[in-house]
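One letter stands for each residue in the lines below.
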Amino acid sequence: MERRQQFLHSPLPYLFLAPQIVIIAIFFIYPALKAVYLSFMLEDPWGMSSTYVGFENYQMLFESSEYLKSISFTLFFAAIVSFLSLSLALLLAVKADNIIHGQGLYKITLTWVYAVAPAVAGIIGGFLFNPHIGVLTDFLALFGWQFSLQTDPFDATFALILVSVWKQVSVNFIYFLAGLQSISYAVKEASMLDCISDNRRFWTITFPLLAPTGFFLLVINLTYSFFDTFGVIDTMTSGGPGGTTTSLVYKVYRDGFVGADLGGSSAQSVVLLILVLSLTFIQFRFVEKRVHY
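Note that the structure is predicted; figures quoted are calculated from it, not measured.

Right, let's get into the packing of aromatic side chains. Evaluation of the coordinates by the stated rule reveals 20 aromatic pairs. Ring geometry for Trp203 and Phe207: centres 5.1 Å apart, planes at 55 degrees, overall tilted. Note that Trp203 and Phe207 are positioned in helix α9 (residues 198-209) at a spacing of four residues, about one turn of the helix. For Trp203, a relative accessible area of 53% puts it in the exposed group. Judged by relative accessible area, Phe207 falls into the partly exposed class, the value being 37%. Connected via pairs of aromatic rings, a cluster forms that spans Phe129, Trp145, Phe147, Phe154 and Phe158.

Written out as structure tokens, the structure is:
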């Protein structure tokens, strides 16, 4: 007769997990389910009554030219910010990895920006691009560029991208530098013998070894561009001029908390969630295939 081995399970691990599960349920799962529910309802501004309207909130969204403009701006903004943040961080990490003297000071100088909150970064950007006292505004004026953060859509978008990239480069730099330093010296030495050109050696050997780090940072940076840039947009442009720099997450805030349109803003949050999940799925489904761990 075969005897089965039985193991006694202690409830202690579940007790340790319980606080985190409760926090996730209260602050993430419940608000998400509530948003889905409200997206099918028409709420009065005071929250005293609600009427079921089905998919009317979603229909109104995609019939709105303003909302479609927010989608196009968000996709463009996220793509540019992610690309520039990753590219500059990789360049700085490669340069820092090759520095022999003063490497610690170089790392500290590039990473201290990570401690700056997005809202604070937006305030700093507002001062730098101020039409009266802005240092960068005066600098651009030397080249004949009459920069106007408040009235020109291109200038406002440029300023938002610049500040958002500056805020995100530091964290990307940390991960890329750690990835470069994790490559064994034997591999680097062998690559020097096999390939004389520095550029070719980087793209054929070093860069593929950084693919897992780069893929992880790609997901993180797209999420940052969609959500964490809210503070930068709110403090620098407030979605202006004329709503041209209104991202999807900022429009959810403006319509829900300022405009008191709970049903419409909930529908926007559901669409935003589906969009981000779709992009993440595409990354894991197609991009990760090219990543070798």
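Here the focus is the confidence of the model for the chain. Mean pLDDT over the chain stands at 85; residues scoring 70 or higher make up 92%. The secondary structure element of the chain with the lowest average pLDDT is helix α4 (residues 103-111), at 71, and the one with the highest is helix α11 (residues 230-236), at 92.

Now for the nonpolar core. Note that soluble globular proteins tend to have their nonpolar side chains buried in a common cluster. Core analysis: the largest hydrophobic core is formed by 34 residues, its most contacted members being Phe129, Leu149, Leu160, Phe173, Phe176 and Met236. Counting residues per element, this core draws most heavily on helix α7 (residues 153-182), which supplies 11 residues. Not counting residues within four places of it along the chain, the set of residues in contact with Phe129 comprises Gly134, Leu136, Thr137, Leu140, Phe147, Leu149, Ala159, Leu162, Val163 and Met236. Counting 14 residues, the second largest nonpolar core, distinct from the first, contains Ala267, Val271, Leu272 and Val276.

Time to look at the pattern of salt bridges. Under the criterion given, the structure shown has three salt bridges. Measuring nitrogen to oxygen at the nearest pair gives 2.7 Å for the salt bridge that ties Arg254 to Glu66. Of the two residues, Arg254 sits in helix α12 (residues 248-258) while Glu66 sits in helix α3 (residues 65-98), which places them 188 residues apart along the sequence. Judged by relative accessible area, Glu66 falls into the partly exposed class, the value being 39%. A salt bridge links Asp255 to Lys251, with the nearest nitrogen and oxygen atoms 3.1 Å apart. You can see Asp255 and its partner Lys251 sitting in helix α12, four residues apart, about one turn around the helix. Here Asp255 matches Lys251 in class, with each residue buried. In this structure, a network of salt bridges that share partners links the residues Glu66, Lys251, Arg254 and Asp255.

What counts, and at which threshold
Residues numbered from 1 in each chain as written. Predicted model: local features only at pLDDT ≥ 70, side-chain atom pairs only at ≥ 80, totals over all residues. Heavy atoms only, no water. Phe/Tyr/Trp six-rings, centres within 6.5 Å; stacked < 30°, edge-to-face > 60°. Helix = DSSP H or I, 4+ residues; strand = E, 2+ residues; numbered from the N terminus. Buried < 20%, exposed > 50% of the residue type's maximum accessible area, 1.4 Å probe, protein only. pLDDT = per-residue confidence, 0-100. Core = buried A, V, L, I, M, F, W, Y, C linked by side-chain atoms within 4.5 Å. Contact = heavy atoms within 4.5 Å. Salt bridge = Lys/Arg side-chain N within 4 Å of Asp/Glu carboxyl O.

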